[in-house]
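# Structural characterization, general
Residue strings, one per chain:
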Amino acid sequence: MRLVTAYEAQCQSSSFSSSSSKLSIQKASELSAKEKQRAATLIQRKTSAAMGLATSPGKSVLMNSFMMYMSGSNLNMWSISVTSMSIISPIRAILGVNSQFAKFEDSSGKVDLQMPKLIFVVLNLVWLAVGLYKMSKMRLLPTTSADWSGRIVWKEMLESTSIPPL
């Protein structure tokens, strides 16, 4: 009889420990589910913030285009400074892409920053193109053959004549 009661007690304690282990496993899975949800929302927030940074040059393109339009095509300090900043700023931004997106990187690599970086670079290239267009309209870029006349090698006359050409 003692063996039976000892066996029953052992079974009850093992069922109690198994049910408590099931509860602890369930709590652990609930905690891990909450942690996974928090990690997913953090990744989503980082991705949306990265997209916000990626589209910020688009706003600058419109503002600087308006500023360049209002500065006119005359050569003065204001128009040259606005145009030069519209060329220098995108180049600096393109060269510093990785440093600007470093705050959004995740150590586990779950935040995908390829598309935001690509959008950032494309919008900065558009901004650069607008600046180059303005420089060409101000005739500061060598776009015609007359701009390269300094490189033309003039032939020396070997003979001269007093007869005028027809």
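Residues numbered from 1 in each chain as written. Predicted model: local features only at pLDDT ≥ 70, side-chain atom pairs only at ≥ 80, totals over all residues. Heavy atoms only, no water.

Broken down by element type, the chain carries five helices and zero strands. Each helix and strand of the chain, placed in order from N terminus to C terminus, yields the pattern α-α-α-α-α. Per-residue burial over the chain gives 19% buried out of 166 residues. By sequence separation, contacts in the chain at least 24 residues apart represent 73% of the contacts at least 6 residues apart. (Helix = DSSP H or I, 4+ residues; strand = E, 2+ residues; numbered from the N terminus. Buried < 20%, exposed > 50% of the residue type's maximum accessible area, 1.4 Å probe, protein only. Contact = heavy atoms within 4.5 Å.)

Let us now look at the confidence of the model for the chain. Here the chain averages 81 in pLDDT, while 81% of its residues score no lower than 70. Ranking the helices and strands of the chain by mean pLDDT puts helix 5 (residues 114-137) first, with 94, and helix 1 (residues 2-54) last, with 68. This model gives residues 14-19 a pLDDT under 50, and the stretch forms zero contacts once residues within four places in sequence are excluded. (pLDDT = per-residue confidence, 0-100.)

Quick look at unusual backbone geometry now. With a phi close to 65°, Arg 139 is a non-glycine residue in the positive phi region. Inspection of the secondary structure puts Arg 139 in the segment after helix 5. Taking relative accessible area as the criterion, Arg 139 reaches 51% and is therefore assigned exposed.

A contiguous nonpolar surface patch, about 340 Å² in accessible area, is contributed by Met 115, Leu 118, Val 122 and Val 126. With respect to the helices, strands and loops of the structure, Val 126 is situated in helix 5. (Patch = residues over 30% accessible without salt bridge, like charges linked within 9 Å, V, L, I, M, F, W, Y side chains within 5 Å. Areas by Shrake-Rupley, 256 points an atom, 1.4 Å probe, with all protein chains shown as cover. Salt bridge = Lys/Arg side-chain N within 4 Å of Asp/Glu carboxyl O.)

Across all of its chains, the model carries two aromatic pairs by this definition. Ring centres of Phe 101 and Phe 104 lie 6.2 Å apart, and the angle between their planes is 55°; on these two criteria the pair is classed as tilted. For Phe 101, a relative accessible area of 0% translates into the label buried. Phe 104 sits in the buried class, given a relative accessible area of 10%. Every member of this aromatic cluster is reached through a ring pair, and the members are Phe 101, Phe 104 and Phe 120. (Phe/Tyr/Trp six-rings, centres within 6.5 Å; stacked < 30°, edge-to-face > 60°.)

This part covers helix 5. Between its terminal C-alpha atoms helix 5 stretches 35 Å, which fits the 34 Å expected from 24 residues at 1.5 Å a residue. Looking at helix 5, one finds that the buried residues are Pro 116, Lys 117, Phe 120, Asn 124, Trp 127, Leu 128, Gly 131, Lys 134, Met 135 and Ser 136. Phi for Arg 139, located one or two positions after helix 5, is positive at around 65°. (Expected span 1.5 Å × (residues − 1).)

Take the nonpolar core next. By size, the foremost hydrophobic cluster in this structure holds ten residues: Ile 43, Ala 50, Ala 54, Ala 93, Val 97, Phe 101, Phe 104, Val 111, Leu 113 and Phe 120. No other element matches helix 1, which puts three residues into this core. (Core = buried A, V, L, I, M, F, W, Y, C linked by side-chain atoms within 4.5 Å.)

With that settled, consider the packing of helix 3 (residues 77-95) against helix 5. One can describe the packing of helix 3 onto helix 5 by two numbers: an axis separation of 8 Å at closest approach and a directional angle of 155°. One way to sum up the angle between helix 3 and helix 5 is to call them roughly antiparallel. In the crossing of helix 3 with helix 5, the sense of the turn from one axis to the other is left-handed. In this structure, helix 3 uses Thr 83, Ser 86, Ile 87, Ser 89, Pro 90, Ile 91, Ala 93 and Ile 94 to contact helix 5, whose residues at the interface are Phe 120, Val 121, Asn 124, Leu 125, Trp 127, Leu 128, Gly 131, Leu 132, Lys 134 and Met 135. (Axes fitted to C-alpha atoms, helices over the stretch in contact; angles between N-to-C directions. Parallel < 35°, antiparallel > 145°, perpendicular 65-115°, else oblique. Left-handed = near helix turned anticlockwise from the far one by under 90°.)

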